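A closer look at the structure
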Amino acid sequence: MRIGVFGLGYVGCVSAACLAARGNQVVGVDVNPTKVDLVNRGQAPVVEERIGELTADVVRAGALRATTDVASAVAGTDVSLVCVGTPSAPNGSLSTAYLERVAEQIGEALATRTDGRRHTVVFRSTMLPGTCLNLLVPILEKASGRTAGVDFGVAVNPEFLREGTSVRDFFSPPKTVVGQLDEASGDVVAALYDGLPGEVFRVPIPVAEITKYADNSFHALKVGFANELGAICAALGLDSHSVMDVFLADRKLNVSPAYLRPGFAFGGSCLPKDLRGLVHAARRADVAVPILSHVLPSNEEHLRRAFDLVARTGKRRVGLFGLSFKPGTDDLRESPLVELAERLLGKGYDLRIHDANVSLSRLLGANREFIEARLPHLGQLLLGSVEEVLDHAEVILVGCTDPDVLARLPHGGPQTIVDLVRLPDARARRAEPGYVGLAW
């Protein structure tokens, strides 16, 4: 097919490259000319496993290009796959400003098409039930002067891509969800993923909209449960990971190992935002959700534990390894490590940071805006080598599992190591002076 992908962030960039690799002709669309230029040079605008090589391959083959011109992208394609951001306010309410703008632009472009080909608009962005039918479809119809389900198709196709393994997840999805306005719209979306593993669910649009919230809220709940249990085990002198090994061995009554390992607080662009959005929607509907409404406070408490471990040392020079919310990416949005760094700086700690995946000059779009608002002096804090951070630090905060970092961590020296990730040799290190595990 000929596909336009709107929004070249983590989801859009991966979707565009993977769809191009499956034999489609893809044009990426973004308002940021830097992202467009990077893609046209065969470079991915985000850091992701395999995405750099894949982008280079499909651009070289002529299967993927990028533009800032919405009208030309719509005119030359059969499908518009919308992957723009839907940021949330502090109370959890969802911003649909980017979705509304793109819907209006696509509608205006549809109004000028005269080739008679049916175009299908597919929303991949995360949005609450009712957003597509009650807000976006009317915008599309008004701007185009045409009728959805008759003159053009509409569908919702939530993504289930984990940052760090997004390319792998695209080609081996746990499931494919197609929310269809009509059968023809659903056929187009289902064809995009034909031959990929996992069950395909063709459902009403509102059902598709809520599935991402259901998944991410449960993932957040699992992280919170594991971390609270880990804190209890640590207080009782127990190895929390041994406890979870027993828990996870029960495949009849318990659940998969994903997210059920005591570690650091969760974060990122999905779990906190989607959990806030679901709780906000529940409150507006006057539905009490005591469990879901306390998952984020539980996560906040776990982050506070990490800060307290540093404070108890009485030392002021801190080195932090890791800043992105997930290994293998440069995504800093709502990273708990960014929050921890911000708190340490706010309390006057002399902080230095190293993350091999984070380069200030490469950060783009919402990712850059987030870090400039939270850590405006990040350029002065980031150091280029592991040794520079170790030379500076009295307290070493380990928030990543980068092999270069692990290989250089000291043993039993004067520096305090605060382990946020459970190091591979955590059991042996527990006997060493100066080692502190967050929840084990």
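Just so it is clear, the structure is predicted and the values come from calculations on it, not from any experiment.

Some thoughts on a nonpolar patch on the surface
A cluster of nonpolar residues, Phe218, Leu221, Val255 and Ile291, forms a patch on the protein surface that exposes about 330 Å² of accessible area. Note that Leu221 resides in helix 9 (residues 205-235).

Focus on helix 14 (residues 365-374)
Within the sequence span of helix 14, burial applies to Asn367, Phe370 and Ile371. Looking straight down helix 14, one finds its buried side chains confined to an arc of 90 degrees; they lie on one side. When the buried face of helix 14 is taken as reference, the exposed residues oriented beyond 90 degrees from it are Glu369 and Ala373. Of the surrounding secondary structure, the elements contacted by the buried residues of helix 14 are helix 1 (10-21), helix 13 (336-346) and helix 15 (378-381).

Notes on the pairing of strand 5 (residues 119-123)
Along a regular strand, successive side chains alternate from one face of the sheet to the other. Most of strand 5 is tucked away, with five of its five residues classed as buried. Here strand 5 shows no split at all, with His119, Val121 and Phe123 on one side and Thr120 and Val122 on the other all buried. Bridge analysis of strand 4 (residues 79-82) against strand 5 gives four bridges, and the strand direction is parallel. Bridging across to strand 5, Ser80 finds its partner in Val121. For the segment spanning strand 4, helix 5 (residues 97-111) and strand 5, crossover handedness is right-handed. Sheet topology note: the strand 5/strand 6 (residues 152-156) ladder contains five bridges and is parallel. Bridge pairing in strand 6 places His119 opposite Phe152. Crossover connection from strand 5 via helix 6 (residues 131-144) to parallel strand 6: handedness right-handed.

Quick word on the UniProt feature "active site" (unreviewed entry) in the chain
UniProt tags Cys270 as "active site" (unreviewed entry). With respect to the helices and strands, the residue Cys270 is situated in the loop between helix 10 (240-248) and helix 11 (271-284). Judged by relative accessible area, Cys270 falls into the partly exposed class, the value being 23%. The residues contacting Cys270, other than those within four sequence positions of it, are Lys212, Asn216 and Leu275.

A closer look at helix 5
The end-to-end C-alpha separation of helix 5 is 21 Å, in line with the 21 Å expected for 15 residues at 1.5 Å each. Taken together, the buried positions of helix 5 are occupied by Leu99, Val102, Ala103, Ile106, Gly107, Ala109 and Leu110. In an axial view of helix 5, the angular spread of the buried residues amounts to 160 degrees, which keeps them on one side of the axis. Where helix 5 is buried, its residues meet strand 1 (2-6), helix 4 (70-75), strand 4, strand 5, helix 6 and strand 6.

Details of the pattern of salt bridges
Between side chains of opposite charge, a pair can form as their charged atoms come close. By the definition in use, this model includes 30 salt bridges. Its salt-bridge partner being Glu342, residue Arg374 comes within 2.5 Å of it at the nearest N-O pair. Taken as a pair, Arg374 in helix 14 and Glu342 in helix 13 lie far apart in primary sequence, 32 residues in all. When its relative accessible area of 28% is taken as the criterion, Arg374 is described as partly exposed. On the basis of relative accessible area, Glu342 is assigned to the partly exposed category, the value being 26%. Members of the salt-bridge network, linked through shared partners, are Glu300, Glu339, Glu342, Arg343 and Arg374.

Notes on the nonpolar core
Formed by 48 residues in total, the largest nonpolar core has its most connected members in Phe264, Phe321, Leu340, Leu344, Ile353, Leu397 and Leu420. Beyond its immediate stretch of four places on either side in the chain, Leu397 contacts Val310, Val318, Gly319, Leu320, Phe321, Leu340, Leu344, Val418 and Leu420. Judged by nonpolar contacts, the second largest core, of 36 residues, contains Val5, Leu8, Ala155 and Leu161.

Structural notes on unusual backbone geometry
The phi dihedral of Arg50 falls on the positive side, at around 75 degrees, and the residue is not glycine. Here Arg50 shows up in the loop between helix 2 (33-40) and helix 3 (51-60). Backbone geometry at Glu334 places phi at a positive 55 degrees, although glycine is not the residue there. Residue classification places Glu334 among the partly exposed residues on the basis of a relative accessible area of 29%.

What about the side chain of Thr67?
By the secondary structure assignment, Thr67 is in strand 3 (residues 64-67). Within the structure, the side chain of Thr67 is placed 3.0 Å from the backbone nitrogen of Asp69, a separation counted as a polar contact. In contact with Thr67, other than residues within four places in its own chain, are Val27, Gly28, Val29, Asp30, Val36, Ser72 and Ala73.

Focus: the environment of Gly263
When you line up the elements, Gly263 lands in the loop between helix 10 and helix 11. Under the relative-accessibility criterion, Gly263 is labelled buried at 10%. C-alpha separation for the pair Gly263 and Phe225, spaced 38 residues apart in sequence, amounts to 11 Å. Beyond its immediate sequence surroundings of up to four residues, Gly263 is in contact with Asn227, His302, Leu420, Leu438 and Trp440.

With respect to empty space enclosed by the protein
Counting across every chain of the model gives two cavities of 30 Å³ or more. One number sums up the size of the largest cavity: a volume of about 120 Å³. Around the largest cavity, the lining is made up of 14 residues, and of these Arg124, Pro173, Lys175, Thr176 and Tyr193 lie nearest the centre. For the lining of the largest cavity, the secondary structure elements donating two or more residues are helix 7 (166-171) and strand 7 (175-180).

Quick word on the packing of helix 13 against helix 14
Contact geometry of helix 13 with helix 14 gives a least axis separation of 10 Å together with a crossing angle of 20 degrees. By the angle between their axes, helix 13 is roughly parallel relative to helix 14. Where helix 13 crosses over helix 14, the handedness of that crossing is right-handed. When helix 13 is examined against helix 14, the residues Val338, Glu339 and Glu342 are found in contact with a partner set consisting of Phe370, Ile371 and Arg374. Here the residues of the contact of helix 13 with helix 14 sort into three nonpolar, no polar and three charged.

Calculation notes
Residues numbered from 1 in each chain as written. Predicted model: local features only at pLDDT ≥ 70, side-chain atom pairs only at ≥ 80, totals over all residues. Heavy atoms only, no water. Patch = residues over 30% accessible without salt bridge, like charges linked within 9 Å, V, L, I, M, F, W, Y side chains within 5 Å. Areas by Shrake-Rupley, 256 points an atom, 1.4 Å probe, with all protein chains shown as cover. Salt bridge = Lys/Arg side-chain N within 4 Å of Asp/Glu carboxyl O. Helix = DSSP H or I, 4+ residues; strand = E, 2+ residues; numbered from the N terminus. Buried < 20%, exposed > 50% of the residue type's maximum accessible area, 1.4 Å probe, protein only. Arc of directions from axis to C-beta. Contact = heavy atoms within 4.5 Å. Pairing = 2+ DSSP bridges. Right-handed = clockwise from strand over helix to strand, strands pointing away. UniProt positions renumbered as here; feature names shortened; annotations may be inferred. Expected span 1.5 Å × (residues − 1). Core = buried A, V, L, I, M, F, W, Y, C linked by side-chain atoms within 4.5 Å. Polar contact = N/O pair within 3.5 Å; in protein donor to acceptor, adjacent residues only side chain to side chain. 1 Å grid on protein atoms, 1.4 Å probe; cavity = no way out; pocket = protein on both sides within 12 Å on 5 of 7 lines; lining within 4 Å. Points joined across faces, edges and corners; volume = space filled by probe spheres on them. Axes fitted to C-alpha atoms, helices over the stretch in contact; angles between N-to-C directions. Parallel < 35°, antiparallel > 145°, perpendicular 65-115°, else oblique. Left-handed = near helix turned anticlockwise from the far one by under 90°. Nonpolar A, V, L, I, M, F, W, Y, C, P; charged D, E, K, R; others polar.

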